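Listed here are the chains, written in short residue letters.
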Amino acid sequence: MMKKKSIPASKPFLILFLCQIISALDVPLDSKLLEELSQPPTITHQSPKDYIVDPRENIVIQCEAKGKPPPSFSWTRNGTHFDIDKDAQVTMKPNSGTLVINIMNGGKAEAYEGVYQCTARNERGAAISNNIVIRPSRSPLWTKEKLEPHQVREGDSLVLHCRPPVGLPPPIIFWMDNAFQRLPQSERVSQGLNGDLYFSNVQPEDTREDYICYARFNHTQTIQQKQPISVKVFSTKPVTERQPILLTPTGSTSTKVELRGNVLLLECIAAGLPTPVIRWIKEGGELPANRTFFENFKKTLKIIDVSEADSGNYKCIARNTLGSVHHVISVTVKAAPYWITAPRNLVLSPGEDGTLICRANGNPKPSISWLANGVPIAIAPEDPSRKVDGDTIIFSHVQERSSAVYQCNASNEYGYLLANAFVNVLAEPPRILTPANKLYQVIADSPALLDCAYFGSPKPEIEWFKGVKGSILRGNEYVFHDNGTLEIPVAQKDSTGTYTCVARNELGKIQNEVHLEIKDPTMIIKQPEYKVVQRYGQVSFECIIKHDSTLLPTVIWLKDNDELPDDERFLVGKDNLTIMNVTDKDDGTYTCIVNTTLDSVSASAVLTVVAAPPTPAIIYARPNPPFDLELTGQLERSIELSWIPGDENNSPITHFVIEYEDGLHEPGVWHYQTEVPGTQTTVQLKLSPYVNYSFRVVAVNKIGRSQPSEPSEQYLTKSANPDENPANVQGVGSEPDNLVITWESLKGFQSNGPGLQYKVSWRQKDVDDEWTSVIVANVSKYIVSGTPTFVPYEIKVQALNDLGYAPEPSEVIGHSGEDLPMVAPGNVQVHVVNSTLAKVHWDPVPLKTVRGHLQGYKVYYWKVQSLSRRSRRHVEKKILTFRGNKTFGMLPGLEPYSSYKLNVRVVNGKGEGPASPDKVFKTPEGVPSSPSYLKITNPTLDSLTLEWGSPTHPNGVLTSYILKFQPINNTHELGPLVEIRIPANESSLILKNLNYSTRYKFYFNAQTSVGSGSQITEEAVTIMDEVQPLYPRIRNVTTAAAETYANISWEYEGPDHANFYVEYGVAGSKEDWKKEIVNGSRSFFVLKGLTPGTAYKVRVGAEGLSGFRSSEDVFETGPAMASRQVDIATQGWFIGLMCAVALLILILLIVCFIRRNKGGKYPVKEKEDAHADPEIQPMKEDDGTFGEYSDAEDHKPLKKGSRTPSDRTVKKEDSDDSLVDYGEGVNGQFNEDGSFIGQYSGKKEKEPAEGNESSEAPSPVNAMNSFV
């Protein structure tokens, strides 16, 4: 049984597809065949239906067509024949139907206004163009009018009318002042779609005399200006507020008709004070999410690409604090005709059947009419094979005379569609397009594909034979493809031979022979093997191959899948690879690859280098330099050098390196000349003309290189023509209109003589131009100006000197300068693969519009908004570059459930081309991130309260939360797991009926319709009884977060000298907690180095109290700011300075107090001796500290309230100066670095003095007061 399938052939060929109703032939691309086949005309290019022309320039009406024989062209104007021969201003381009109407030499565009239609005709039929309506653009002047100044009361509304002149096309309106600055617009002041300027309410700053309306006519590039309008606003106090009223549209309802595919623009502008806010809704439906835009401060509703589904009532609502007003716009979407099935060309054989189908839709439903060769089919010549059935023409048993071009016209009141489709009846004998006697070579046991590309009408039948008198090939060992190809799935040696392809139809028969040779496969019969070699040793890998005797193999060795190092130690033989003097860097995998024209095989082996065993201590050294250099046998282009080697120093000399110096061009610079084996002491050296040579020799052994020998005597060679031309000749433009030719200059010794110059020649490729040449010297670049943009040039650079020219140089191809691409990629399509990945496709731009070397395409894409939050954010555009002529690419890293936009730009060496229209796409929902936090509070005997925050990234619409929990016993074993589903709108839950004094572990995550997100875990303990323990306890953990740091404070009740630590981490993360130790017993700490805009979890614990820590708190750092003002009060240097100043003032007060009370007559020590009462002794004898203070007291946490002094008071002396008692204030706050700033307040209390008793001083000042 024969098998059939379709594969592409190796050459372009005809694909013939026959069915019972329709038979369409695609004509192959064979140029000889195309010249012989007849074809009706086809319109390939025409001007747009509505063609507005510039009245100052020539009018060009496009009409291009193809056909065989080439078609002739004619035109109608306003329905009658347009005889262009009678109008000297009108010409038709040669071999084209394009009309050129000469306006610039006396013609008037208005005289040629009308409806034009082109007809292209040959012996097989006639094709017609659309009706092309020619209208010259118009930009009339503004009519003269006297404008009265507007005097308006503050708060009233105002409309400044523009009323521009009617132009073609309509002008673009904008408002500016006398300084040509655009007038600022806002929710209060804005321009309407009709060009008028609307003020919802006027303010005093609106007073000015230069409100000017401008109309810009793009076709003629002119701008018309209206007379300035003066507005004066006068104030009345108070300004009366007003509820909204609509300035436009008027009334409560209106109607709007728009065409399918157009942009729908609806406008509502309201007056009122305060300024009203506009909101839009669609009654009974939703605004299309991805096609709706709000413009002009939401006063304009814009819906792109409207369809019939967008019909309905749209309501705009204007609202301020005093009320609202609304207007309903009834929108009806009609549709000009659009194709459902456009008719397609038919290529039929005589006697075959076929159909032309023309189906279109619109609103109202379009009518279908047919024409044959441009004539209504009802009055066209009869064709018995043709039958018209509404939107279908049925052809039965066609003959060659049935060939014609049919036109389908679908029209309604909003427009029309016109399509040409030809019926071409061909009777052609078979032809085989595959070259005769083509040779196919295939490796044994591989598939063989023998081509037989054919063409004929009717479709020929294909048969294959083997040998001259062989029988027809059949059976499962062959596969016969629809395109004529014969496939032998497993070719064997006996498959070798000549195969004959026979194509026949009722008009004839033709055959073609091809030849098949089966080759033996290439094999590696001895593969390289694993080797272990000592350092500095030698190793060899074998690679012995067997191959077909008629194929020439090439052997390539690789190291670690890369080329072998450029090292003379690597010796590649016929069947092996040898590595001399192995080093550690030679360790790796070595691969032998054998290639022929038909197949390729490879084998690999690993080399391991180990250290060499220790050897007796022999002193090795580099060799001594050679000596006694001698030059003999001097000729023009050669000389013999000999020398005597120096001592080898226990390491044989492996080779000698000969170097030369050119004393004429580069004195003092030595160049490599050649090298010879270490056993050779003479060498014949090749010389260049016009060089003053000196030579020296360097000996090399395994240890290294010797010092160079003494230079030989000098030898000057004679001058000659240059032997070579500059290398690396290139032609690349730096600007769109130039060609920069560069080359590598010849070195001094390459000049072969004095007066080195370069002859630079160029000519444009594929244009029959002569060479242009210029001779330059001492440069390696020449710039050709005035070139066309990015065209190929043939370039050559020839060296010459005073004795003549170098040989004729080879030509290279360069290009003149690139310019930016002209067009954007079209047909941009996006396929969303999943919630984070999308694939974008686009059509490649025509190469001629690239205007440079195509480097690739850039895709710009950015997130517009999250579909779950409906909030826009800062747009951060991302760019992906796809090299080469790719037409698709993947967009990774997208955010789920979001709306994105993208555009595509082509890139050449000059830069980027214009962007394609923005394409909008959405990503589907994904799983959410973990909840932002989970807090467990209010533990009781049998309940816990859970509070949580919604996920930072919901990635969709949350459907619920899942809470799982289980008890944990003292051995950390987990109990049964309980699961609870919680509605998505909840943020807290009280869990009841729990066991008392039990630790529970909670697992909490959110869900969307896609699935569950990552979970957050927490542990909590129910209490043992209703009386909560007082000690130890950390409570009231609070945070004050900034951009990169956060102040953490807490309250502690428990044993003294507790050492605190702070643990923190990213909320919802599974990473381990980070731990920071708090110095001393402070009840505050500063976390630094945080990431801006990130949610963190934090808790506080005490060292030494196992498992004792506070509940978690969650905070979020502030977003990163471009800059921020530094608060000087939070800077460390400022706080330190203030503390120093306070201490200095305190000391001065103490000294001043002592001197005033005692007159400065005796020191404090005498006062201490005079009062032996220990109760009023302020200083401790052991450590000299104040008696009222101790270390233990200093380390206690701050408590609310102030210290209460004792009943004893300080007796006031006769001096008017006295010190008040100080008490610690309770008001304080943490600054940025965590230090505590407190405010102190004091109150003076007067009580009767009791002897010499002194009050207990709560501060150092009061303590010093007890001295006096």
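Residues numbered from 1 in each chain as written. Predicted model: local features only at pLDDT ≥ 70, side-chain atom pairs only at ≥ 80, totals over all residues. Heavy atoms only, no water.

Engineer: Teacher, can you tell me more about the state of the cysteines here?
Structural biologist: Linking two cysteines covalently through their sulfur atoms gives a disulfide. Within this structure, the stated rule accounts for six disulfides. At a sulfur-sulfur separation of 1.8 Å, the disulfide partner of Cys268 is Cys316. Here Cys268 and Cys316 share a disulfide; its torsion about the S-S bond, -65°, makes the bridge left-handed. Here Cys316 lies in strand β29 (residues 312-320) and Cys268 lies in the loop between β24 (264-267) and β25 (269-273), a separation of 48 residues in the sequence. The burial state of Cys268 is the same as that of Cys316; both residues are buried. (Disulfide = S-S within 2.5 Å. Helix = DSSP H or I, 4+ residues; strand = E, 2+ residues; numbered from the N terminus. Buried < 20%, exposed > 50% of the residue type's maximum accessible area, 1.4 Å probe, protein only.)

Engineer: Teacher, can you tell me more about the sheet that holds β24 here?
Structural biologist: Within a sheet, adjacent strands bond to each other through the backbone by hydrogen bonds, running parallel or antiparallel. Strands sit in the order β24-β28-β27 across an open sheet of three strands; the sheet is antiparallel. Because the sheet does not close on itself, it has two edges, and the strands there are β24 and β27 (292-295). Across the sheet, the mean angle separating the axes of adjacent strands is 20° when strand polarity is ignored. Sheet topology places β27 next to strand β28 (residues 300-303); four bridges connect them, and they run antiparallel. Note that in β28 the partner of Phe293 across the bridge is Lys302. (Pairing = 2+ DSSP bridges. Axes fitted to C-alpha atoms, helices over the stretch in contact; angles between N-to-C directions.)

Engineer: Teacher, can you tell me more about the nonpolar core here?
Structural biologist: Taken as a class, soluble globular proteins show a tendency for nonpolar side chains to be buried jointly. One finds Ile59, Ile61, Trp75, Ile101, Tyr116 and Ile134 to be the most contacted residues of the largest nonpolar core, which totals 27 residues. For this core, the elements supplying multiple residues, two or more each, are β4 (50-53), β5 (59-61), β6 (63-68), β7 (72-77), β10 (99-101), β11 (114-122) and β13 (132-136). When residues of this core are assigned to their parent elements, the largest contribution, three residues, is made by β11. Excluding residues that lie within four positions of it along the chain, Ile59 makes contacts with Val53, Leu99, Val100, Ile101, Ile103, Ala109, Tyr112 and Ile134. (Core = buried A, V, L, I, M, F, W, Y, C linked by side-chain atoms within 4.5 Å. Contact = heavy atoms within 4.5 Å.)

Engineer: Looking at this structure, how should I read the packing of aromatic side chains?
Structural biologist: For the structure shown, the criterion picks out 23 aromatic pairs. Centre to centre, the rings of Phe199 and Tyr211 are 5.8 Å apart; their planes meet at 80°, and the pair counts as edge-to-face. Linking Phe199 in strand β18 (residues 197-199) with Tyr211 in strand β19 (residues 208-217), this pair joins segments that are 12 residues apart in sequence. You can call Phe199 buried: its relative accessible area is 1%. Aromatic pair Tyr900 and Phe921: ring centres 5.6 Å apart, planes at 15°, arrangement stacked. Of the two residues, Tyr900 sits in strand β79 (residues 898-908) while Phe921 sits in strand β80 (residues 919-922), which places them 21 residues apart along the sequence. As far as the burial class goes, Tyr900 and Phe921 line up, both buried. The structure contains a cluster of three or more aromatic residues connected by ring pairs, namely Phe174, Phe180 and Tyr214. Positioned over the ring face of Tyr211 is Arg208, at 5.8 Å from the centre of the ring. Sitting above the plane of the Tyr338 ring, Arg260 keeps its charged end 3.7 Å from the centroid. (Phe/Tyr/Trp six-rings, centres within 6.5 Å; stacked < 30°, edge-to-face > 60°. Lys NZ or Arg CZ within 6 Å of the ring centre and 35° of its normal.)

Engineer: Please clarify how the environment of Tyr693 should be interpreted in this entry.
Structural biologist: Along the polypeptide, Tyr693 turns up in strand β64 (residues 692-700). Through-space distance from the C-alpha of Tyr693 to that of Gln714 is 5.3 Å; in sequence the pair is 21 residues apart. Not counting the four nearest positions on each side in its chain, Tyr693 is found in contact with Tyr660, Glu661, Leu687, Ser688, Glu713, Gln714, Tyr715 and Thr717. A distance of 2.8 Å separates the side chain of Tyr693 from the backbone nitrogen of Ser688, its partner in a polar contact. (Polar contact = N/O pair within 3.5 Å; in protein donor to acceptor, adjacent residues only side chain to side chain.)

Engineer: Before we go on, may I ask you to explain the pairing of β64 in this structure?
Structural biologist: On a regular strand, one side chain projects to one face of the sheet and the next to the other, so that they alternate. Counting buried positions along β64 gives nine out of nine residues, so the element sits mostly inside the fold. Of the two faces of β64, the one carrying Asn692, Ser694, Arg696, Val698 and Val700 and the one carrying Tyr693, Phe695, Val697 and Ala699 are both buried. One ladder, built from two bridges, connects β64 with strand β65 (residues 715-716); its direction is antiparallel. If you follow Tyr693 over to β65, its bridge partner there is Tyr715.

Engineer: I'm lost on the side chain of Asn412 in this one. Help?
Structural biologist: With respect to the helices and strands, Asn412 occurs in strand β38 (residues 404-412). A residue is classified by how much of its surface remains accessible, and Asn412, at 15% relative accessible area, is buried.

Engineer: How should the side chain of Ser688 be read in this particular structure?
Structural biologist: Topologically, Ser688 is positioned in the loop between β63 (682-686) and β64. Every residue in contact with Ser688, bar those within four places of it in the chain, is listed here: Tyr693, Thr717, Phe749 and Asn752.

Engineer: Can you walk me through a negative patch on the surface in this structure?
Structural biologist: Negative charge collects at one region of the surface, where Asp628, Glu630, Glu640 and Glu713 lie side by side. Relative to the helices and strands, Asp628 resides in strand β59 (residues 627-632). (Patch = residues over 30% accessible without salt bridge, like charges linked within 9 Å, V, L, I, M, F, W, Y side chains within 5 Å. Areas by Shrake-Rupley, 256 points an atom, 1.4 Å probe, with all protein chains shown as cover. Salt bridge = Lys/Arg side-chain N within 4 Å of Asp/Glu carboxyl O. Lys, Arg positive; Asp, Glu negative; His and termini not counted. Charge placed at Lys NZ, Arg CZ, Asp CG, Glu CD.)

Engineer: Got a minute to help me understand the pattern of salt bridges in this structure?
Structural biologist: It is possible for side chains bearing opposite charge to pair when their charged atoms get close. In total, this model carries 37 salt bridges according to the counting rule given. Two residues, Glu400 and Arg124, come together in a salt bridge whose shortest N-O distance is 3.6 Å. With a gap of 276 residues between them, Glu400 in the loop between β37 (392-395) and β38 and Arg124 in the loop between β11 and β12 (125-128) connect regions that are remote in the sequence. Under the relative-accessibility criterion, Glu400 is labelled partly exposed at 44%.

Engineer: For this particular structure, what's the right way to read a nonpolar patch on the surface?
Structural biologist: A grouping of Trp1133, Leu1137, Met1138, Val1141, Ile1145 and Leu1149 is seen on the molecular surface, where their side chains present a nonpolar patch of about 570 Å² in accessible area. One can find Ile1145 in helix α3 (residues 1132-1158).

Keep in mind these numbers describe shape, not what the thing actually does.
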